[in-house]
Amino acid sequence: MAATSYKFEGWMGLDAKAAEGNMVWKEFEPKPWEETDIDIKITHSGICGSDLHTLKSGWGPTVYPCCVGHEIVGIAVRVGSKTEGNIKVGDRVGVGAQNDSCQGRKGDCEACASGLEQYCPNTMVGTYNSVHLNGGNSYGGYALYHRAPSHFVIKIPNTIPPAIAAPMLCGGITTYSPLRHNGCGPGKTVGIIGVGGLGHFGIMFAKALGADRVVAISRKANKREDALKLGADAYIATDDNKNWAKDNSRSLDLIVSTVSSSKMPIIDYISLLKTNGSFVQLGAPEDGALSIPAFSLIMKRVKFGGSLIGSPSEIREMLQLAAEKNVRTWVEERSMKDANQAIVDMGVGKARYRYVLVNEQ
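Note that the structure is a prediction, hence the values are computed from the model and not measured.

Visitor: When you look at the overall build of the protein in this model, what are you seeing that I'm missing?
Guide: Assigned secondary structure in the protein consists of 11 helices and 17 strands. Here the protein has a C-alpha radius of gyration of 20 Å; the compact-globule value for 361 residues is 21 Å, and the two agree. Reported as C-alpha extents along the three principal axes, the dimensions of the protein are approximately 65 × 45 × 40 Å. Across the 361 residues of the protein, 56% fall into the buried class. Here the contacts in the protein between residues at least 6 apart in sequence split such that 70% fall between residues at least 24 apart. When the accessible surface of the protein is summed, it comes to about 15,300 Å², and 50% of that surface belongs to carbon and sulfur atoms. Each charge class in the protein can be summarised by its mean position, and for the 39 positive and 36 negative side chains these summaries are 5 Å apart.

What follows is the structure, encoded as structure tokens:
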């Protein structure tokens, strides 16, 4: 492999205390180069809640050292001879939360063949804290450079600024995919639980997909104004109205839940659905399992499910819609050198609604 003129350096979590703002700037060894790969000089890297869960080993033991960040936007600086996607050196590109899959290399994989790479049963390689098919570790975007198989590298439309595009590559697609899959569009009423990094995308994409009515649901009233500015038609503050479930019973076709708590009032949420409605859970609680409200599902033939990120083709589709409908992430740019403070601020809920780290050099 030819040596590159640049070094792969980034913020590394060395143990669970990294999530408290204790990441260390270090050089790392990217996956061994293959001619299907692309090297990206990172300009922008979104901060996602998954980064914090991983840094503190919240979803299980993290393999340290770990460089998080899976909302990566930058410039292609090295393009292998066998890449796909018609990407050239100098193109503005992005990488989301998935960095590799078997893509049929381990035999017949129905998920990859169907364009559902995120559900690959053989090898779903995350953009960080995973191992590539060639044995190399995956390291994320809180860094200067990133190496990724070209299948998972996405061209960013010129009309979407990089800081706006970066959080769409995980936060955006995580809400777009279940909305699209569950028929969000004209004639539908949609509820989004949680007005945060994911939820603010949920409101905007539900409107962009043409839903008749979008209802934002949160515990407190303090996000009402933001939710309405994002495009919500109504807002439910569950702490402020003890009759909220009864008052809004059987009013929604689809609910997308972005909150990560095992203690959420799931039976009350299900009561908001019409017959044949769907409830999709995106947040993955660290504090225990969600109970299945069997009777609530049975009595209205409600579907209760989940959803994971989106495929490369779905990300391209989402970005096209965002460009056409002028969907714009609510974003605050932070310097890459201040990443430790940014993740602390993210952890205590200061982001409105996404932080993006910017490499100024």
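Moving on from the model shown.
Visitor: I tried to follow helix α4 (residues 171-181) on my own but got confused; where do I start?
Guide: Residues lying three or four places apart along an α-helix face the same way, a consequence of the helix completing one turn every 3.6 residues. In terms of burial, α4 is a largely internal element, 9 of the 11 residues being buried. Taken together, the buried positions of α4 are G171, G172, I173, T174, T175, Y176, S177, P178 and L179. Once α4 finishes, G183 follows within two positions and takes phi at roughly 80°, a positive value.

Visitor: Help me understand the packing of α4 against helix α10 (residues 312-325), please; the structure alone is not making it clear to me.
Guide: Working note: a packed helix pair is described by the angle between its axes plus the distance between those axes. Viewed as axis vectors pointing N to C, α4 and α10 meet at an angle of 95°, and their least axial separation amounts to 10 Å. The orientation of α4 with respect to α10, classified from their angle, is roughly perpendicular. Only E314, I315, E317, M318 and L321 of α10 make contact with α4, whose side of the interface consists of G172, I173, Y176, S177 and R180. When its residues are assigned to classes, the contact of α4 with α10 shows 5 nonpolar, 2 polar and 3 charged.

Visitor: Looking at this model, I keep getting lost on unusual backbone geometry. Mind explaining?
Guide: At the junction of Y64 and P65, the peptide bond is cis and its omega measures out at 0° in the coordinates. Residue Y353 follows R352 across a cis peptide bond; omega there is 0°. Mapped onto the fold, Y353 is located in the loop between α11 (339-347) and β17 (354-358). A positive phi angle is found at S57, which is not glycine, with a value near 55°. With respect to the secondary-structure elements, S57 resides in the loop between α1 (49-55) and β4 (72-79). Of note, R250 is a non-glycine position whose phi angle comes to about 50°, a positive value. Looking at the element boundaries, R250 is found in the loop between α7 (244-247) and β13 (252-257). For R250, a relative accessible area of 46% puts it in the partly exposed group.

Visitor: Help me out: how do you make sense of the pairing of strand β8 (residues 145-149) in this one?
Guide: Looking along a regular strand, one sees side chains alternate from face to face of the sheet. Burial runs high along β8: 5 of the 5 residues are buried. The pairing of strand β3 (residues 37-46) with β8 spans 5 bridges and is classified as antiparallel. Within β8, the position partnered with D37 by the bridge is P149.

Visitor: In this structure, what is going on with a nonpolar patch on the surface? I would like to understand it.
Guide: On the surface, L116, Y119, M124 and L308 cluster together to form a nonpolar patch covering roughly 320 Å² of accessible area. By the secondary structure assignment, M124 is in the loop between α2 (110-113) and β7 (125-126). You can call M124 partly exposed: its relative accessible area is 30%.

Cut-off values and rules
- Residues numbered from 1 in each chain as written.
- Predicted model: local features only at pLDDT ≥ 70, side-chain atom pairs only at ≥ 80, totals over all residues.
- Heavy atoms only, no water.
- Helix = DSSP H or I, 4+ residues; strand = E, 2+ residues; numbered from the N terminus.
- Rg over C-alpha atoms; globule rule 2.2 N^0.38 Å.
- Buried < 20%, exposed > 50% of the residue type's maximum accessible area, 1.4 Å probe, protein only.
- Contact = heavy atoms within 4.5 Å.
- Areas by Shrake-Rupley, 256 points an atom, 1.4 Å probe, with all protein chains shown as cover.
- Lys, Arg positive; Asp, Glu negative; His and termini not counted.
- Charge placed at Lys NZ, Arg CZ, Asp CG, Glu CD.
- Axes fitted to C-alpha atoms, helices over the stretch in contact; angles between N-to-C directions.
- Parallel < 35°, antiparallel > 145°, perpendicular 65-115°, else oblique.
- Nonpolar A, V, L, I, M, F, W, Y, C, P; charged D, E, K, R; others polar.
- Pairing = 2+ DSSP bridges.
- Patch = residues over 30% accessible without salt bridge, like charges linked within 9 Å, V, L, I, M, F, W, Y side chains within 5 Å.
- Salt bridge = Lys/Arg side-chain N within 4 Å of Asp/Glu carboxyl O.

From the geometry alone we can't say anything about function, so treat these as descriptive.
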